[in-house]
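Read off the chains here:
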Amino acid sequence: MRPYESPHHAVVAFQLLNEKVTYLHSGSEVSDAPCEDWFFEIGSITKVFTAILLCLLVEEGRIDPQALVRDMSDTLKDVPEWITPERLISHTSGLPNYFMPLWKALLRQQPDGPYAAFSREDLLAWFRNRRGRPRPSTDRHVYSNLGVGLLGEAMAILEGKPFVELLVEKVTGPMALKDTTDHLDSGQHNRFANPKTTRGKSIPPWTFQALAAAGCLRSTAQDLARFASVVIRAANTPKTALDRAIHRSTLPLYGLGPKGAMAPTAQCSGWLLVTPDNREPGFLFHNGGTAGSSCALYVNPERNAAFAILSNNGVAGNIWGSTKLNWSKPMKHASELFAMG
């Protein structure tokens, strides 16, 4: 928790081991509610939920993960012909991370975040304006918020309902994750850790339109612990269609190791599978960050263990802050903690 801590910020963590959950809190208070019920932006951890939704639609026979996205609806006819759902969720589509050059995004900063004004029509227009561009000469892993956002919209168009509504109906609702959502009601808002810069200045939370699937969710330590418990059970003994979808999401698709090896890191559907020590079982990982929140989730099904860190400290969105976070070697510490468990 140390890289996230300061007197100005709230940091909450949980450790799950054999169904027993322990919660920890450091820094400022958010509300009178228990720390495990405080809300934080979870940013790109949303992509794990998006991946499970995709895998469930695959289980239900609604989507072929290797078919063309453009064939899912005439609305998507301008999506390049090589792009499939599997390529989008594994970050191998060749799409850029963002829908405009980074320098332009920095000049056009918006108070509600870089995705607040980007609508479905903007997304479709982006692809119309790029028609005819050649396919990348080689398949590469390039992290893409744009790509996962497109996947969320494609699933929403296919099913005829907004992405978040679809996610609640098929994923977070059946998991009883009542505090994992994109919009907070008045009672929930009282438990929200207002996002802050690394210096402790309050800033607005990010909002999303078309790219909601890439990072729109807020959640609590208690909900993420419940989610981790469901993932562990499903990965070990899948029984239902949702279990099988979760299990599918944990399978490696693209090796990020030397010469494409699946170790020490492989890209799954949404998750990364990390195996820093071949003497120990690998673990699933995803982190998230906005301008004012940073978080990380680690799940090890073989150890029946998981932990997460949530904070309203924008270290992940700050160059120096994220550098120091990397210097703290979180993957090494995660591996050691799971080995101890």
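Just above, that's the structure.
Procedures and definitions
- Residues numbered from 1 in each chain as written.
- Predicted model: local features only at pLDDT ≥ 70, side-chain atom pairs only at ≥ 80, totals over all residues.
- Heavy atoms only, no water.
- Helix = DSSP H or I, 4+ residues; strand = E, 2+ residues; numbered from the N terminus.
- Buried < 20%, exposed > 50% of the residue type's maximum accessible area, 1.4 Å probe, protein only.
- Polar contact = N/O pair within 3.5 Å; in protein donor to acceptor, adjacent residues only side chain to side chain.
- Pairing = 2+ DSSP bridges.
- Phe/Tyr/Trp six-rings, centres within 6.5 Å; stacked < 30°, edge-to-face > 60°.

Some remarks on the side chain of Arg191
In step 1: Topologically, Arg191 is positioned in the loop between helix H7 (186–189) and strand E4 (218–220).
In step 2: Accessibility expressed as a relative area gives 17% for Arg191, which makes it buried.
In step 3: Polar contacts involving the side chain of Arg191 include one to the main-chain carbonyl oxygen of Asp37, which spans 2.8 Å.

Focus on the sheet that holds strand E1 (residues 10–17)
In step 1: If you trace the eight strands from one edge of the open sheet to the other, you get E2-E1-E10-E9-E8-E7-E6-E5, paired in antiparallel fashion. Two strands lie at the open edges of the sheet, namely strand E2 (20–27) and strand E5 (254–255), each paired on one side alone.
In step 2: The sheet contact formed by strand E7 (residues 272–274) and strand E8 (residues 283–289) spans three bridges and is antiparallel. Bridge pairing in E8 places Leu273 opposite Leu284.

Brief notes about the pairing of E1
In step 1: Burial analysis of E1 places six of its eight residues in the buried class, which makes it a mostly covered element.
In step 2: In the sheet, E1 pairs with E2 via eight bridges, with the strands oriented antiparallel. Looking at E2, one finds that Leu17 is bridged to Lys20.
In step 3: Here E1 hands over to E2 after two residues, with Asn18 in that stretch at a positive phi of 50°.

Examining the packing of aromatic side chains
In step 1: In the structure shown here, the tally under the stated rule is 15 aromatic pairs.
In step 2: Summarising the aromatic geometry, the rings of Phe99 and Phe118 are spaced 3.8 Å apart at their centres and angled 10° between planes, so their arrangement reads as stacked. Remark: Phe118 occurs in the loop between helix H3 (102–107) and helix H4 (120–128) and Phe99 occurs in the loop between helix H2 (85–89) and H3; sequence separation between them is 19 residues.
In step 3: For Phe99, a relative accessible area of 13% gives the class buried.
In step 4: Between Trp126 and Phe127, the ring centres sit 5.0 Å apart and the planes meet at 80°, which makes this aromatic pair edge-to-face.
In step 5: What makes Trp126 buried here is its relative accessible area of 12%.
In step 6: On the accessibility criterion, Phe127 (3% relative accessible area) is buried.
In step 7: Here the aromatic cluster, defined as three or more aromatic residues joined through ring pairs, consists of Tyr98, Phe99, Tyr115, Phe118, Trp206 and Phe208.

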